[in-house]
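Chain residues, written in single-letter form:
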Amino acid sequence: QVQLVESGGGLVQAGGSLRLSCAASSVIVNIYVMGWYRQAPGKQRELVASIRGGGSASYADSVKGRFTISRDGAKNTVYLQMNSLKPEDTGVYYCNFVNRPTNWGQGTQVTVSS
């Protein structure tokens, strides 16, 4: 089973930026649709960004214009660049396959203070 490890979260002030990384154990992340999800306390996990094998990306309305998903094929790593962060972006961020999800990892905590 493919292992996915998220990193890069932390504490940041509103308006700041963070770059999340999703390191994978397989080149398969370069082929299938990958997504970044987030889950706030007491809320359901939601898909905020996804990227297809060809590089095309999609975003939730709440993050459009602020977040950018990308991939480094040589490193089997998917990134999420988050700019102009807002307190409502706070949550645990996870990466996973979109169409055929594997086990959910620990995620990485993002906390945005006002």
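Residues numbered from 1 in each chain as written. Predicted model: local features only at pLDDT ≥ 70, side-chain atom pairs only at ≥ 80, totals over all residues. Heavy atoms only, no water.

## Focus: the sheet that holds strand S3 (residues 18–24)
Strand-to-strand pairing in sheets goes through backbone hydrogen bonds, with the strands running parallel or antiparallel. What counts here: Note on pairing: two strands pair once DSSP finds at least 2 bridges between them. Helical segments are the DSSP runs of H or I of at least four residues, strand segments are the runs of E of at least two, and each set is numbered from the N terminus. Structural elements are reduced to axes, namely lines fitted to C-alpha atoms, with helices fitted over the stretch in contact, and the angle between N-to-C directions of any two is expressed from 0 to 180 degrees.
Read from one edge of the open sheet, 4 strands run S1-S3-S8-S7, paired in antiparallel fashion. Either end of the sheet is taken by a strand with one partner, and the two such strands are strand S1 (4–7) and strand S7 (67–72). Shown here is a sheet whose adjacent strand axes are inclined to one another by a mean of 15 degrees, direction ignored.

## Some words on a nonpolar patch on the surface
Selection criterion: Each patch is built from residues that are more than 30% exposed by relative accessible area and take part in no salt bridge. Like charges join if they lie within 9 Å; nonpolar side chains (Val, Leu, Ile, Met, Phe, Trp, Tyr) join within 5 Å. Values of accessible area rely on a 1.4 Å probe in the Shrake-Rupley scheme; residue burial ignores everything except the protein chains shown. One side-chain nitrogen of Lys or Arg within 4 Å of one carboxyl oxygen of Asp or Glu is enough to make a salt bridge.
A cluster of nonpolar side chains, Val27, Ile31 and Tyr32, forms an exposed patch at the surface whose accessible area comes to about 300 Å². Residue placement: Ile31 occurs in the loop between S3 and strand S4 (34–39).

## Digging into the sheet that holds strand S5 (residues 46–51)
A sheet is described by the order of its strands in space; here 6 strands give the open sequence S2-S10-S9-S4-S5-S6, paired in mixed fashion. The open sheet has two edge strands, strand S2 (10–13) and strand S6 (57–59), and neither has a second partner. This sheet shows a mean twist of 25 degrees between the axes of neighbouring strands, independent of strand direction. Direction of pairing for strand S9 (residues 91–97) relative to strand S10 (residues 108–113): antiparallel, over a ladder of 3 bridges. In the sheet register, Val92 faces S10, and the bridge partner there is Gln109.

## Examining the pattern of salt bridges
In plain terms, the rule: The cut-offs for exposure are 20% and 50% of the maximum accessible area for each residue type, with area from a 1.4 Å probe on protein chains only; residues under the lower value are buried, those over the upper are exposed, and the others partly exposed.
Tallied over the full model, the rule gives 4 salt bridges. Of the charged contacts in the structure, one is a salt bridge between Arg38 and Glu46, with a shortest N-O distance of 3.0 Å. The partner of Arg38 in a salt bridge is Asp89, and the shortest N-O contact between them spans 2.8 Å. Of the two residues, Arg38 is situated in strand S4 and Asp89 in the loop between strand S8 (77–82) and S9; the sequence distance between them amounts to 51 residues. In this structure Arg38 comes out as buried when scored by relative accessible area, which is 6%.

## Section: the nonpolar core
A general trend in soluble globular proteins is that nonpolar side chains are found buried together. Here is the rule: As used in this record, nonpolar core signifies buried Ala, Val, Leu, Ile, Met, Phe, Trp, Tyr and Cys residues forming a set joined through side-chain atoms within 4.5 Å. Throughout, a contact is declared for two residues whenever any of their heavy atoms are within 4.5 Å.
Within the largest apolar cluster, 26 residues are counted, with the highest numbers of intra-cluster contacts made by Leu4, Trp36, Leu80, Met82 and Tyr93. Among the elements of the structure, S3, S4, S5, S7, S8, S9 and S10 are those that each provide at least two residues to this core. Looking at this core, the element that brings in the most residues is S3, giving 4 residues. Apart from residues no more than four positions distant in its own chain, Met82 is found in contact with Gly16, Ser17, Leu18, Leu20, Arg66, Phe67, Tyr93 and Val110.

## Examining the state of the cysteines
To be explicit about the condition: In plain terms, two cysteine sulfur atoms within 2.5 Å form what is called a disulfide here.
Evaluated as defined, the whole model comprises 1 disulfide. Disulfide pairing places Cys22 opposite Cys95 at an S-S distance of 1.9 Å. One quick way to see it: the torsion about the S-S bond of Cys22 and Cys95 is about 65 degrees, and its sign makes the bridge right-handed. With a gap of 73 residues between them, Cys22 in strand S3 and Cys95 in strand S9 connect regions that are remote in the sequence. When its relative accessible area of 2% is taken as the criterion, Cys95 is described as buried.

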